[in-house]
Amino acid sequence: MTIELRSLTKRFGDLTAVNAIDLNVGEGEVLCLLGPSGCGKTTILRMVAGLETASEGEIRIAGKHVSDLAPRDRNVAMSFQFYALYPSLTVAENLAFPLYADNLSKSEIDAKVANIAETLKLEDILKRTPGQLAEGEKQRVAVGRSIIRDPTCFLFDEPLSRLDVQLREEMRGEIKLVLQDLSRPTVIVTHDQLEALTMADRIAVMRLGRIEQVDTPHNVFQRPANLFVAGFIGTPQMNLLPATFTGAKGESTAEFAVDGGQRMVIGVDKKAAALSDGDKVTLGIRPRNIVLSGEAGDDAISATVDIVEPMGAETLAHLKDGAMELRLVTDWKTPLAEGDTVHARFPPGATHVFNADEQAVRTA
Ligand code: ATP
């Protein structure tokens, strides 16, 4: 069973909220739609569920065109917020609620409730009402209610947004396990990158109605396809330095003049092959990948430590050289004081180069 979207488009008047999206969600795959507010994530989910009509394009669920089917006939479980439990019904009744329209016998309903209760460890609280439940329990009941009809696929909109940080961490892991067990194509909408990185098999990063990159969490983080994805994924944000390519230096290094001053030779794995002298680029380096050393050199940017922010196990430091600024994260033991001069190196393999069209320059 899969979900397939082809050229899926949604316009609201002049606004193109979803712009010709192509996407496949595989058998048992968990795909996260991740992007800033208003980029079209929820609209995609609503179109798959049948709550919104597509302006153009196709939606297939388990190989079947569903555009003409009513939401109920799509056999899709959509959960906007896990909190929408009926307060006056018990947990068992809340779980059974979606089954009432299916003309099942009482014993059939009881069996399904028992089965879900076992999967989600709800057996001991079946007789309680939502007011008597802890937050994590409520969440599990709501998950149970959305999966009890054994749907073809699952759609979740910001499933964990209402929970506090600790519970969110717990539930991320729990939901991931349940979804693995159920093995259905699942789409989760989130603007929380940690949620996406931890729960997804693949992430579709969106901007302005379009998909910028679809890839594994690892690749979206390690090999961002363009400047937007590079800047959007990762905290603290990747350093993005406007620069000019000033020439290859042998097989595997190249020199760049960083806007605001210094030149720097960086190992770029032949990436320079795709560039010409004078090309405008953006260099990307994650704050944790910068290496400090005591020595200046043509492979380092020298800068002054402007602000030091201890963060427990790590320290975040802001470095400055004229108009150029760098964020650096180091081990808390690294001695750094405001006003120090440091020499920052960008190790080969950790430096990203984006061309004037904001696309990653790939290794040849
Ligand atoms: P968020 O994370 O804030 O929920 P989102 O990525 O899910 O954002 P959508 O809710 O899909 O974004 O909205 C995409 C765009 O379409 C937004 O600009 C939104 O204002 C617009 N939009 C959504 N629904 C409607 C509607 N019914 N009528 C008009 N415009 C709409």
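This one's a predicted model, so the numbers in the text were calculated from it and none came from an experiment. Once a new chain begins, its residue numbering starts again from 1 and follows that chain's sequence as written. The model is predicted, so local features are restricted to residues of pLDDT at least 70 and side-chain atom pairs to those at 80 or more, both for listing and for counting; the totals for chains, interfaces and linings are taken over all residues. Derived side-chain values reflect all non-hydrogen atoms in the structure, with water molecules and hydrogen atoms excluded from consideration.

Caption draft 1: Here's a closer look at the site of the ligand. Residues are counted as near a molecule or strand when any one of their heavy atoms sits within 4 Å of it. As a matter of local geometry, the ligand sits amid Phe12, Leu15, Ala17, Pro36, Ser37, Gly38, Cys39, Gly40, Lys41, Thr42 and Thr43. At a separation of 3.0 Å, an oxygen atom of the ligand approaches a polar backbone atom of Gly40. Measuring from an oxygen atom of the ligand, one finds a side-chain N or O atom of Lys41 at 2.9 Å. Using a 1.4 Å probe, the Shrake-Rupley method yields the accessible areas, and only the shown protein chains count as cover for residues. Here the ligand has 630 Å² of accessible area as a free molecule, and 58% of this is covered by the chains. As used in this structure description, the phrase polar contact means that two N or O atoms lie within 3.5 Å; if the pair is within protein, one of them must be able to donate a hydrogen and the other to accept it, and residues adjacent in sequence are counted only when both atoms belong to side chains.

Caption draft 2: Summary view of the nonpolar core. Side-chain atoms within 4.5 Å are what join buried Ala, Val, Leu, Ile, Met, Phe, Trp, Tyr and Cys residues into a set we call a nonpolar core. Whether a residue is buried, partly exposed or exposed follows from its accessible area with a 1.4 Å probe, protein chains only, as a fraction of its type maximum: under 20%, in between, or over 50%, in that order. Among the nonpolar cores identified, the biggest contains 42 residues, and Leu95 and Ile203 are the most heavily contacted of them. Comment: elements are numbered from the N terminus, with helices defined as DSSP H or I runs of at least four residues and strands as E runs of at least two. The dominant element in this core, judged by the number of residues it contributes, is helix 5 (residues 165-182), at five residues. Excluding its chain neighbours within four sequence positions, the residues that come into contact with Ile203 are Cys32, Leu34, Ala196, Leu197, Gln213, Val214, Asp215, Pro217 and Val220. Core analysis: the next-biggest nonpolar cluster, separate from the first, contains 29 residues, Ala243, Phe256, Val268 and Leu326 among them. Two residues qualify as a contact provided that any one of their heavy atoms is within 4.5 Å of a heavy atom in the partner residue.

Caption draft 3: The arrangement of the sheet that holds strand 17 (residues 314-321) in detail. Here a strand pair is declared whenever DSSP counts at least two bridges between the two strands. With respect to topology, five strands assemble into an open sheet ordered 15-19-16-17-18, the strand pairing being antiparallel. Because the sheet does not close on itself, it has two edges, and the strands there are strand 15 (291-293) and strand 18 (324-331). Mean inter-strand twist for the sheet, computed between neighbouring axes without regard to direction, equals 45 degrees. In the sheet, strand 16 (residues 300-310) pairs with strand 19 (residues 341-345) via five bridges, with the strands oriented antiparallel. Within strand 19, the residue paired with Ile301 across the bridge is Ala344. Every angle, taken between N-to-C directions, lies between 0 and 180 degrees, and every axis is a line fitted to C-alpha atoms, over only the stretch in contact when it is a helix.

Caption draft 4: Main features of the side chain of His352. Looking at the secondary structure, you find His352 in strand 20 (residues 351-354). With a relative accessible area of 10%, His352 lands in the buried category. For His352, the contacting residues outside a window of four places in its chain are Gln222, Pro224, Met238, Thr282, Leu283 and Gly284.

Caption draft 5: Fine view of the domain arrangement of the protein. Residue ranges for the domains originate in an automatic or database domain assignment. Structurally, the protein comprises domain 1 (3-232) and domain 2 (239-354). Distance from the C-alpha centre of domain 1 to the C-alpha centre of domain 2: 40 Å. For any pair of parts, buried area is found by adding up, for both, the accessible area (1.4 Å probe) each one loses once the two are put together. When the two sides are added together, the surface that domain 1 and domain 2 hide from each other amounts to roughly 560 Å², 69% of it contributed by carbon and sulfur. Considering only the side of domain 1, the residues that lose the most area to domain 2 are Phe221, Leu227 and Ala230, jointly responsible for 68% of the buried surface there. A pairing counts as a salt bridge when a side-chain nitrogen of Lys or Arg comes within 4 Å of a carboxyl oxygen of Asp or Glu. Seen at the junction of domain 1 and domain 2, the total is zero salt bridges. The interface formed by domain 1 and domain 2 holds one residue pair in polar contact (both at pLDDT 80 or more) in total. Counting residues per element, the side of domain 1 that touches domain 2 draws most heavily on helix 8 (residues 227-232), which supplies three residues.

Caption draft 6: Inspection of empty space enclosed by the protein at higher detail. Cavity and pocket criteria rest on a 1 Å grid covering protein atoms alone: a 1.4 Å probe that fits but cannot get out defines a cavity, protein on both sides within 12 Å along at least 5 of 7 lines defines an open pocket, and an atom within 4 Å of a point defines a lining residue. Grid points are joined across faces, edges and corners, and a volume is the space filled by probe spheres set on the points. According to the stated counting rule, one finds one cavity of 30 Å³ or more in the structure shown. Of the pockets and cavities examined, the largest cavity occupies roughly 40 Å³. For the largest cavity, the full set of lining residues is Ile3, Leu5, Leu23, Val25, Leu31, Leu33, Ile44, Val48 and Val187. Where the lining of the largest cavity is concerned, the elements lending two or more residues are strand 1 (3-12), strand 2 (15-25), strand 3 (30-34) and helix 1 (41-49).

Caption draft 7: Main features of unusual backbone geometry. Put simply, Thr235 and Pro236 share a cis peptide bond, and its omega is -10 degrees. Residue position: Pro236 is located in the loop between helix 8 and strand 11 (239-249). The backbone of Leu208 shows a phi angle near 45 degrees, a positive value even though the residue is not glycine. Residue placement: Leu208 occurs in the loop between strand 9 (202-207) and strand 10 (210-215).

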